[in-house]
Every structure is written in structure tokens, then in C-alpha cells.
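Chain by chain, the residues run as shown.
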Amino acid sequence: MLAPATLPGAVPPAHAADAYGSLRRTWRELILGTGFPPAAAPFASKLSELGDTARGLRASMVPAAGSLWPDLPYADPDPDTDAESYAFSGNLAVSYRRLRTLAEAYAQPGTGLTGDADLRADLLAGLDQLHDEAYHAGQARYGDWYDWQVGIPQTLLDIDVLLYDALGPARISRHCAAVDRFVPDSAVARYSGTSTAANRVDLCRVFALRGVVGGSAAKLSLARDALSPVFPYVTAGDGLHADGSFVQHTCVPYAGAYGAVMLGGLSLLLALLRGSAWEVTDSGRQAVFDSVEKAYAPFLFNGLAMDTVSGRAVSRGVRTSDTRGVRQDDHLRGHAVMACVALLARSASGAERARWEGLLKGWIARDRVSPVLDSPALGVAALARLKSVADGTAAASPEPSGHRLFPGMDRAVHRRPGWAAGLSMASHRITYYENGNGENLRGWHSGSGMLYWWGDTFANDQYTDDFWPTVDPYRLPGTTASRKPLADGEGGAWGAARPDVRWVGGTTDGTYAAVGQHLKGLSSTLLARKSWFFLDDCVVCLGSGIRGRDGTGVESVVDNRNLGADGVHAFTVDGAVQPAEPGWTASLTGARWAHLAGHAGYVFPGGAASLKALRETRTGRWSDINRGSVTDPITRRYLTLWFDHGTDPTGAAYAYLLMPGAGRDRTAARAADTGWLTVLANTAEGQGVRVPSLGFTGISLWSAGTVGEVTTTAPASVLIRESGATATVCVSGPTRDGATIDLTWNRPVSSVTSSDPGVRVRGTGSALRLRIAPGALGATHRSVVALT
């Protein structure tokens, strides 16, 4: 038998106390920050605000049987897992979070409560009550599993570190026993269920802090070793995918929320254990470092995290349980991701750290909507790390240009100088939307081809400014949807609703892209084929085969712009300025172009059919879409532009160009240049466009067939870029069924100079013939050919 000191993860007894004490000091610095001047901006105001919040919480604390605060009863008279029990376990978790706020105010300098003996006494009394009445080793769990296994123990163990010297061995022992009761080692015995990806990292954080607080080498070893299943790429479901996708809850794209939690937890654990006997040395951890630029940076733009990968978090305005009134939005979620990257840099290579600091410095400099260093989403520790980067010598990196496809989560991101766009789709793999815990109740159509976009110096608050509670949820920009009324949470919770379709995805050469979606409506008979061709200054959008039998209208939304509380942005159609008063509406059949000042231009090749416009003042409440949010009414103005396909259409179609940031003259000029774009096909069998000036051809073949000069023997997405004497041919199989694709391009080709693996040349000369074995991941296969 091995001596105890040589067991894996064991610490020699003579050094054990020093090891655990060192880890406690490290964790304390990680959660409180270090090296910042508390009397200087921006820390002084942040610390003062923390003190004010803590004083308010302390003043409102009225301990009674079953509650510490009157608004947070946690004693469940009928403990089970119904909605009422969820509320009680949630109140218990919030009670612990409030105590943590008090503990941080006690531990931080400059709060006015630093080291306050009376506050310490109140904290200890509050901890004792919560332990004795609720979170103890003899308690049965009720409500939400997450509260008992993650939310409460993480918060409790943070408090234990901050108050360690005041707690005494008996309290520490009781707290550890409670954590062991609700978070047994078996919680990470299998990588499945609620123990994957971000949830697994959260559990590992509990085990690590349990080991630190309770002096357990075994718990620390378990935390380290249980991280290993998080690192490998997955090909389906929860975790990081090789293409940069991040999925949680099996079918929800989540880089902006759960992914950020995972990144944050990993950055903390790597920093905590670095240099200790439990350092994470698994070589698979490189995937985490790679994810910064593969999975997170693509969805950050000017400091915001795109809502397209934030799941039900988009519905979280100001929640009623948040006594500070701090809201959530895309910019604040972006700030949280940035803080994670800044901390992860401590454990990264020098080259990675240098690149990331450039990214961070650029995002910090460009976020004018919600200045990062004033962010209410950041605590002092995170703020200190980002302030260090902002003041450092790294050169700020600009926003990149290019296109990224994420087949693993049915998402696409397009970036050009001056603007960026994100596309959300749904398939048998990826849900229409996620609701759960009373959140995101009306996100029904956000996976039905929603096209988000932002300008470099304008419209960065498009979705930040109370978009989700005020927008018409049946008219999300870019979507095709039935007007059939849907119930809150329609389709089921936790991403249960997924369309039975496979052709979703596309192909890209890294600059341009052709992307398509076979759309089936949520809880409706709606069917449609939608394609987007992402180019230099525009997105060409096609829709075809649009039909429905719900007895209601069907619409395709060109755009739905949030104009703020008082917006009267000029709207021009074919050179005529339209009325600016709310309530104005018009049919614009035959229109060739439209322009919304300060936003974008829209071009309708050949003239628009059944196009309508509306200026609308809409009032909503965050509580309408999230039952835990405030009920205050909010009013915003919108300019909505849509194709009205009528009731129960058969074979309806549309075509338009979205030109973000384009001025009125450039929009009119594009509409007048009828040779700029050729629509090769727009049917239920295939869609395609050609732009001669760019040498671009993009095609969605929904089944075997021909569009323009391209024929395939199986469903395919095709992109061709001609430049001088060469061309790049990109092909993917969006159905991801592994079927071989034989492609013929009826264009003289002298040779194929290079091809990706999986591409076989079957012929050149008067036509190019390729055989592609696309596999099951929807990846692009590229060939470079010489033209004759």
C-alpha cells in the first residue's frame, strides 16, 4: 500500500495546512481582486455602491422562522419539485447570495463596512439560521436541483473563505457536511444529465472549494479529475464542438450564457489550482484556451455578446430578486465573457495572452453603449483585471472581417468593415428556442431564421434597449412565421421543440457564405425554404415554397428596427419620404428600394410583392416574457418592414437585399444597377444567386438538381468564387447524412490545383466534376481550380 503522502493528490501532512491556507488566500484574491487602488476610479464608486447595497440588505433583514428577509421565505410547506417549491429553493439561494454580498462588503476595503464587528455578528447569525433551518446534512432537497448542488454551495463556500477566521472549526465542519449531503461524489461519477459542460464545471468548483475550506485532498483531486470529460470536443449535444459551437441542454446554442459560466468556472479553477499539488495538467485543457478565439470571440462585437447564443438569458431584464436593480443585456453578458478571458489569460501561454489582451482592449475601447469599466455586471475583482488590460501596453485589435459557420449549433456570424450580423436557425439537432423556469416565454420564432445585425458605430443598442419585452414576437427580423397565436412557452420547456428537418446549414470560404434553412413552423403547418448569401456590403435574402394551412396569415420580416423611446428616423421608399408618426402603415407593392435613416438600406430585385411597412409604438413588460422580472411598463417605437404572404399561402416567395449602414444614395444606386445581382433560382427545389462583380455564385440545392451552371446528385450548399484565372469551389452537405455529393460545374476548367480531404476529382475540361464525401458534421469542403 502506498504511504498516504504518495497517494494521488495527497499533500504531505507537514505542509497540508500551508497548502490549504495558500489556496484560501488565492481564492480570496480571485473573488475580491488584488493590486487595485480602492480610493481611485473606477473602484471607489464600485466599493461605495457595494457598501450602500450591503447596508440596505442589512437594514431589511428581519430574521424569522423560515426567512431572513420577509420577501424571501424559504420554508416549503409542501416540499417537492413543483413551481411553488422552485420558488422556495430559489429564495433560499437568493438569501445566501445576499449574505455573500454582506460578506464581500465586510471583506473589501472602502465599503464603509470593512471589518465591521456588528456586521460580522449578523452574518454569522444569518449563516447559522440558514444552516439550522434549511441547508444542513439532514435536510431533504426540494425545488430546483441547481440551487442545492450549485447555487447555494458555491455561495456558501465563498462566504466560508471570506469569513474563515471568524467561523470556527464547528461551523466549517457543519457547512462541509451540508455540502457533502447535497453534492456527493456521485454527482460527477458519470458525464451525463445535469453533470455536463457548464454544469460539470460548476460542480467541480463546489468540490474544489469544499476541499479548500474543509482541508480535503480527496475533494480537490476529485474536482481536478472530474474536469477532464469537459475538455474533449463533442460531435453532438453538450459541450464544445470542433467548429466552435457550444451547446448546453442538449440542443441550445449557449456560448453567451452557459458557455460563459463554463469559461468563468474553468478560468477560476485553473487559476486557483495553478502551482499546487492539484494543478490541472490534462493536455485536453488546450481546447479551453482555443475556445476563446473559436467559440467566444466570434460572438462578441464592440463589447456585446450576441443574443443568438444566449438562450433564455435574453429574457432577463431586471429580476425582482435582484435588490440592486441590475439588469442583464447583451453588453453586460459580453462584459462577463471578457472578464473570463482576462482571468483565463493567467493560465494561458504568452502568445495567447498577448492576442487576448489585444482583443479585450479593442472591445473595451469600442463599447460606447455600455462602458466596460463602469459595468454593473462586473465585481471589483473582474473590473481590476480588465482595468489592468485597458491600461496595459497591448495594441487594441480591430473587429475582424470574415464569415464563420457553426454547423454544430445552426448559427452563422458574418463580419464586414462597418457591420456584423448573426443568424439563428433550428433543426432536428437544435431547438427553435429555449424556455424554462418561467423565462423566455415568447422566444418562439427566434430560431426561424432570425437575422440580427449591428453597425460599427451605430445601432449597438438595437437589442439592448428593451427589445425583447417590446418587440412583436411574431415579427422577429429575418424570420418567416405564421400569425397563429401561440401560448407562452409553446412547444415545451428546455428546448423540447425541434423541427423535423435536416437541411440547415451552408458553406463558406471564410469571407462570403451561402446558408440555408428548411423551415417548419413551431406548432403550425408553415413550411418554407430560406437562403442567405452573405457578401461585402449586404446580405441577399431569398424565400420560397412558403405555405401554411393554419387559417392565419404568414409573413416574412425584412426587418424590425427598435427606434428607441422617441425615434422618428426618416423612412424613404423609392425616393419618397414616408410619414414619421407612430401608427403609420402602408402597402409598398412594387417598391424597388427603401431606406431607414441611421440604420440600413433595403433593395427588392424586380420590385417587391406584397411588401408592407408599419411605424408602431409598443408597450411591454419584462415580466411578460420572464415571470421573475419586474412589471414596469416599457414603451419603444419600431419600424417594421415585411412581406405579407396572405392567409394559407401556397408557393409564396420573396427576395431582398439587406444593406446595413448604407446611405440613401447607395441604396438607390444598388436598386438601379439591375445587373449587379442575378437570381438564378428561387423555388422549393433550389435557390441561388450570382453577383458578377464579386465573381460570386451561391446556391442552396434542397434536393438533387440543377441551379444555374451547377448540378448535384444530392442536397448541397455550394459557393463559387471566381478571381482571374482561378476559382474556389466550396461544397457542404447541410443534411449531415453523409451522402456522397457528385457535383458538376458546367464551366471549362483545366485542372484542380488543390482540394480538401474528402474531395475526389472526377473530371475537368469542358466541365468540372467532383465527388464529395461530406461526412456528418456539415463542414465545408474546398477545391481550387484553374479556369480556361
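Scroll up for the structure.
Note that the structure is a prediction, hence the values are computed from the model and not measured. (Residues numbered from 1 in each chain as written. Predicted model: local features only at pLDDT ≥ 70, side-chain atom pairs only at ≥ 80, totals over all residues. Heavy atoms only, no water.)

Structural notes on the state of the cysteines
Overall, the coordinates contain 0 disulfides when judged by the stated rule. Note on Cys204: no disulfide assigned, nearest cysteine sulfur contributed by Cys340 at a separation of 16 Å. Classification of Cys204 as buried rests on a relative accessible area of 0%. Cys730 takes part in no disulfide bond, and the closest cysteine sulfur to it belongs to Cys538, at a distance of 18 Å. Overall, Cys730 belongs to the buried group, its relative accessible area being 0%. (Disulfide = S-S within 2.5 Å. Buried < 20%, exposed > 50% of the residue type's maximum accessible area, 1.4 Å probe, protein only.)

Examining the packing of helix α5 (residues 145–162) against helix α7 (residues 197–214)
Between α5 and α7, the shortest axis-to-axis distance is 9 Å and the interhelical angle comes to 35°. Crossing of α5 against α7: the hand is left-handed. The residues of α7 that touch α5, namely those facing Trp145, Tyr146, Gln149, Val150, Pro153, Gln154, Leu157, Asp158, Asp160 and Val161, are Asn199, Asp202, Leu203, Arg205, Val206, Leu209, Arg210 and Val213. In the contact of α5 with α7, the residues fall into 10 nonpolar, 3 polar and 5 charged. (Axes fitted to C-alpha atoms, helices over the stretch in contact; angles between N-to-C directions. Helix = DSSP H or I, 4+ residues; strand = E, 2+ residues; numbered from the N terminus. Left-handed = near helix turned anticlockwise from the far one by under 90°. Contact = heavy atoms within 4.5 Å. Nonpolar A, V, L, I, M, F, W, Y, C, P; charged D, E, K, R; others polar.)

Focus on the sheet that holds strand β11 (residues 504–508)
Judged by pairing direction, the sheet is antiparallel, and its 9 strands sit side by side in the order β11-β12-β13-β14-β23-β20-β19-β16-β17 without closing on themselves. Sheet topology places β11 and β17 (576–577) at the edges, where each strand pairs with a single neighbour. Where strand β13 (residues 527–534) lies against strand β14 (residues 539–547), 7 bridges are found, and the strand directions are antiparallel. Bridging across to β14, Phe533 finds its partner in Val540. (Pairing = 2+ DSSP bridges.)

Examining the sheet that holds strand β21 (residues 611–620)
Reading across the sheet, the 5 strands line up as β10-β15-β22-β21-β18 and stay open at both edges, with antiparallel pairing between neighbours. Edge positions in the sheet fall to β10 (480–482) and β18 (585–587), since each of these pairs with one other strand and no more. When strand polarity is set aside, the average angle formed by the axes of neighbouring strands in this sheet is 35°. When β18 meets β21, the two strands line up antiparallel, connected through 3 bridges. Note that in β21 the partner of Thr585 across the bridge is Leu614.

A short note on the pairing of strand β24 (residues 678–682)
On any regular strand, side chains alternate: one points to one face of the sheet, the next to the other face. Where β24 lies against strand β25 (residues 686–691), 4 bridges are found, and the strand directions are antiparallel. The residue bridging Asn682 from the neighbouring strand is Gln687, located in β25. Connecting the antiparallel pair β24 and β25 is a turn made up of 3 residues.

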